[in-house]
Amino acid sequence: MPFKKILIAVDNSPFSLKAAKIGFDLAHAVNAEVALLYVIDRSKESVNIEAGPTPKESEMILLKEAQETIEQLITMYNGAKRLYKFTPVGFPKEEILNVANEWEADAIVMGTHGRKGLAHFFNGSIAEDVTKNASVPVLIIPPNLDK
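Residues numbered from 1 in each chain as written. Predicted model: local features only at pLDDT ≥ 70, side-chain atom pairs only at ≥ 80, totals over all residues. Heavy atoms only, no water.

(A) Geometry of unusual backbone geometry. Its identity as a non-glycine residue notwithstanding, asparagine 31 has a phi of 55°, on the positive side. As for its position among the elements, asparagine 31 is in the loop between α1 (14-30) and β2 (33-38). Given a relative accessible area of 48%, asparagine 31 falls into the partly exposed group. One non-glycine residue, glutamate 104, adopts positive backbone phi at about 60°. Mapped onto the fold, glutamate 104 is located in the loop between α3 (92-103) and β6 (107-111). (Helix = DSSP H or I, 4+ residues; strand = E, 2+ residues; numbered from the N terminus. Buried < 20%, exposed > 50% of the residue type's maximum accessible area, 1.4 Å probe, protein only.)

Now the structure itself:
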C-alpha cells in the first residue's frame with residue numbers, strides 16, 4: 001500500500017510537535033500529500049454563564065489556537081507536495097477517524113501523551129481509540145521519543 005495521503009493529527013502539546021515532525025518527514029520521504037488536523041475539542045470549551053465566554057466565543061478562541069498551531073507547524077516542517085488543513089469541531093476520537101475516512105488518508109500520524117494509571121482511566125487514550133477503529137495504518141509517536 002503506497003502512502004499518498006498522510007493525515008497528521010495535532011493539538012497544541014509538545015507531543016504533537018514530535019508527531020508533526022515525523023509525519024512531515026514520512027511525507028517527504030514518500031512524496032505524499034499531507035493534511036494537518038486539529039480538532040476543536042468540544043470537551044475543552046469553557047463556558048461560564050455568569051462571567052465567562054459564550055459557547056460561540058469559546059469556540060472562536062479554540063479555533064484561533066488551532067489555526068495558530070497549524071501555521072506554526074507549517075512554518076517549521078512544510079515542504080509537502082500538497083498540504084491541507086482541517087479544523088473540525090467535535091470530539092477528537094471521532095473527528096480524526098471521520099476526516100481520515102472523508103479525506104481518504106492512507107495513514108494517520110499522531111502523538112500520545114503516554115498517560116498511565118488514573119489519568120489514563122479517567123481521560124482515556126485518543127491514540128488508542130483511533131488505532132482500534134482506524135481503517136488505515138496509524139503511526140503513534142511516543143512521548144519519550146528523542147527526535
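(B) Inspection of the pattern of salt bridges at higher detail. What the rule picks out here adds up to 4 salt bridges. Here glutamate 71 ties to lysine 85 by a salt bridge, and the two come within 2.8 Å at their closest N and O atoms. With a gap of 14 residues between them, glutamate 71 in helix α2 (residues 55-77) and lysine 85 in strand β4 (residues 83-86) connect regions that are remote in the sequence. In this structure, glutamate 128 and lysine 132 form a salt bridge, with 3.5 Å as the shortest nitrogen-oxygen distance. Taken together, the positions of glutamate 128 and lysine 132, both in helix α5 (residues 126-133) and 4 residues apart, correspond to about one turn of that helix. Exposure remark for lysine 132: the relative accessible area of 63% places this residue in the exposed category. (Salt bridge = Lys/Arg side-chain N within 4 Å of Asp/Glu carboxyl O.)

(C) Fine view of the sheet that holds strand β1 (residues 5-10). The strand order β4-β2-β1-β6-β7 describes an open sheet built from 5 strands, whose pairing is parallel. The open sheet has two free edges, formed respectively by β4 and β7 (138-141), since each of these has just one partner strand. Strand-to-strand, the axes of this sheet are offset by a mean angle of 20°, without reference to chain direction. Pairing analysis gives 4 bridges linking β2 to β4, with the strands arranged parallel. Considered in β4, the bridge of alanine 35 is made with tyrosine 84. In this fold α1 packs onto β1, β2, β4, β6 and β7, with an angle of close to 170° to the strand it touches most, β1. Strand contacts of α2: β1, β2 and β4, with the helix running at about 150° to β2, the strand carrying the most contacts. (Pairing = 2+ DSSP bridges. Axes fitted to C-alpha atoms, helices over the stretch in contact; angles between N-to-C directions. Contact = heavy atoms within 4.5 Å.)

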